[in-house]
Structures are given as structure tokens and as C-alpha cells.
Amino acid sequence: PGTSALTPAAKNVLRQVSMKLKSSGKAWAIEGHLDALGEESVNVLLSKKRAEAVLTLLKSSGVPAAKLNAKGLGSAKPVASNQSKSGRAQNRRVEIIPKK
């Protein structure tokens with residue numbers, strides 16, 4: 001909680017994902033999301049830092065920087081209820097989606 005540092009497991013997964021992103025030729029949006037706990041201004045900043053950490057790792061793994069952008073959305077797009085611990089955990093995520 002409260003950090004944008006990637007775990008070793010996340011780094012390994014992202015290195016594998018980077019191979020698929022490189023070969024796709026597409027552009028990708030990296031969106032950081034958080035649960036609804038805390039102040040939203042802080043959540044937006046932290047979610048952006050987490051998305052940027054993913055972007056940095058993908059770039060260092062060879063995905064062209066011009067094909068990536070990162071943004072933090074805070075708690076604006078939950079995928080689960082923020083009323084439970086498991087729901088909040090689902091809402092804390094970084095998504096890599098193709099740009100339209």
C-alpha cells in the first residue's frame with residue numbers, strides 16, 4: 001500500500017507481456033487504478049506513479065516508448081465494490097489496453 005514499486009513477480013510477468021506488446025505493433029494505454037480509500041487527489045497521483053512504473057519497465061524491455069502512455073485514474077473506474085477487502089484489492093490494478 002502507498003507505493004509504486006513493482007514486485008519481483010510483477011516484473012517477471014511484465015517482461016513476458018512486453019514480448020507480446022512489441023510484436024503486436026499496436027499502441028498501448030497503461031491505466032493505473034486504486035480503491036476508494038483515502039483522498040482522491042492522492043489516489044490519482046499514486047495510480048499514475050504505478051502506471052508509470054509499468055511503462056518504465058516495458059520500455060526497458062524493448063517496447064517502443066512512442067507506443068506507450070500512462071495515466072492515473074484513481075478510484076474513478078472500479079471493477080468491484082469498495083465495501084469489502086477483496087473488492088478493494090480488485091480495484092487496485094494497472095491495466096494495459098490497446099489504444100483506439
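Our subject in this report is the structure included herewith. Note that this is a predicted model, so its numbers are computed, not measured.

## A closer look at the packing of helix H1 (residues 8-24) against helix H2 (residues 40-60)
Phase 1 of the analysis: Put simply, H1 and H2 touch, their axes get as near as 9 Å, and they point 60 degrees apart. It follows from the interaxial angle that H1 and H2 lie oblique. The two elements H1 and H2 meet at a crossing, and its hand is right-handed. Seen from H1, the contacting residues are Lys 11, Leu 14, Arg 15, Ser 18 and Leu 21; seen from H2, they are Val 54, Leu 57 and Leu 58.

## Focus on H2
Phase 1 of the analysis: With 21 residues, H2 ought to run about 30 Å at 1.5 Å a step, and its terminal C-alpha atoms sit 30 Å apart, in line with that.
Phase 2 of the analysis: Taken residue by residue, H2 has Asn 43, Leu 46, Ser 47, Arg 50, Ala 51, Ala 53, Val 54, Leu 55, Leu 57 and Leu 58 as its buried positions.
Phase 3 of the analysis: Contact partners of the buried residues in H2: H1, strand E1 (28-33), strand E2 (68-72) and strand E3 (93-98).

## Focus: the side chain of Asn 82
Phase 1 of the analysis: When you line up the elements, Asn 82 lands in the loop between E2 and helix H3 (85-91).
Phase 2 of the analysis: For Asn 82, the side chain forms a polar contact with the side chain of Asn 91, separated by 3.1 Å.
Phase 3 of the analysis: Asn 82 has contacts with Asp 35, Ala 36, Arg 88 and Asn 91, leaving out every residue within four places of it along the chain.

## Side note on H1
Phase 1 of the analysis: A rise of 1.5 Å per residue sets the reference length of H1, with its 17 residues, at 24 Å; its end C-alpha atoms lie 25 Å apart and thus fit the reference within 8%.
Phase 2 of the analysis: Considering only its buried residues, H1 is in contact with E1, H2 and E3.
Phase 3 of the analysis: Note on H1: the residue one or two positions beyond its end, Gly 25, has a positive phi of about 75 degrees.

## What about the sheet that holds E1?
Two pairing modes exist for strands in a sheet, parallel and antiparallel, and in both the strands are linked by backbone hydrogen bonds.
Phase 1 of the analysis: The 3 strands are arranged E2-E1-E3 in an open sheet whose pairing can be described as mixed. If you trace the sheet from one side to the other, it starts and ends with E2 and E3, each paired once. Averaged over all adjacent pairs, the angle separating strand axes in this sheet is 20 degrees, with direction ignored.
Phase 2 of the analysis: Looking at chain direction, E1 and E2 are connected through 5 bridges and run parallel. The partner of Trp 28 across the bridge, within E2, is Leu 68.
Phase 3 of the analysis: Across the sheet, H2 lies against E1, E2 and E3, angled at about 160 degrees from E2, the strand it touches most.

## With respect to the nonpolar core
Phase 1 of the analysis: Core analysis: the largest hydrophobic core is formed by 12 residues, namely Leu 14, Leu 21, Trp 28, Ile 30, Ala 51, Val 54, Leu 55, Leu 57, Leu 58, Val 63, Leu 68 and Ala 70.
Phase 2 of the analysis: Contributions of two or more residues to this core are made by H1, E1, H2 and E2.
Phase 3 of the analysis: With 5 residues, the top contributor of residues to this core is H2.
Phase 4 of the analysis: Sequence-distant contacts of Leu 68, defined by excluding residues within four places in its chain, comprise Trp 28, Ile 30, Leu 55, Leu 58, Lys 59 and Val 63.

Calculation notes
Residues numbered from 1 in each chain as written. Predicted model: local features only at pLDDT ≥ 70, side-chain atom pairs only at ≥ 80, totals over all residues. Heavy atoms only, no water. Axes fitted to C-alpha atoms, helices over the stretch in contact; angles between N-to-C directions. Helix = DSSP H or I, 4+ residues; strand = E, 2+ residues; numbered from the N terminus. Parallel < 35°, antiparallel > 145°, perpendicular 65-115°, else oblique. Left-handed = near helix turned anticlockwise from the far one by under 90°. Contact = heavy atoms within 4.5 Å. Expected span 1.5 Å × (residues − 1). Buried < 20%, exposed > 50% of the residue type's maximum accessible area, 1.4 Å probe, protein only. Polar contact = N/O pair within 3.5 Å; in protein donor to acceptor, adjacent residues only side chain to side chain. Pairing = 2+ DSSP bridges. Core = buried A, V, L, I, M, F, W, Y, C linked by side-chain atoms within 4.5 Å.

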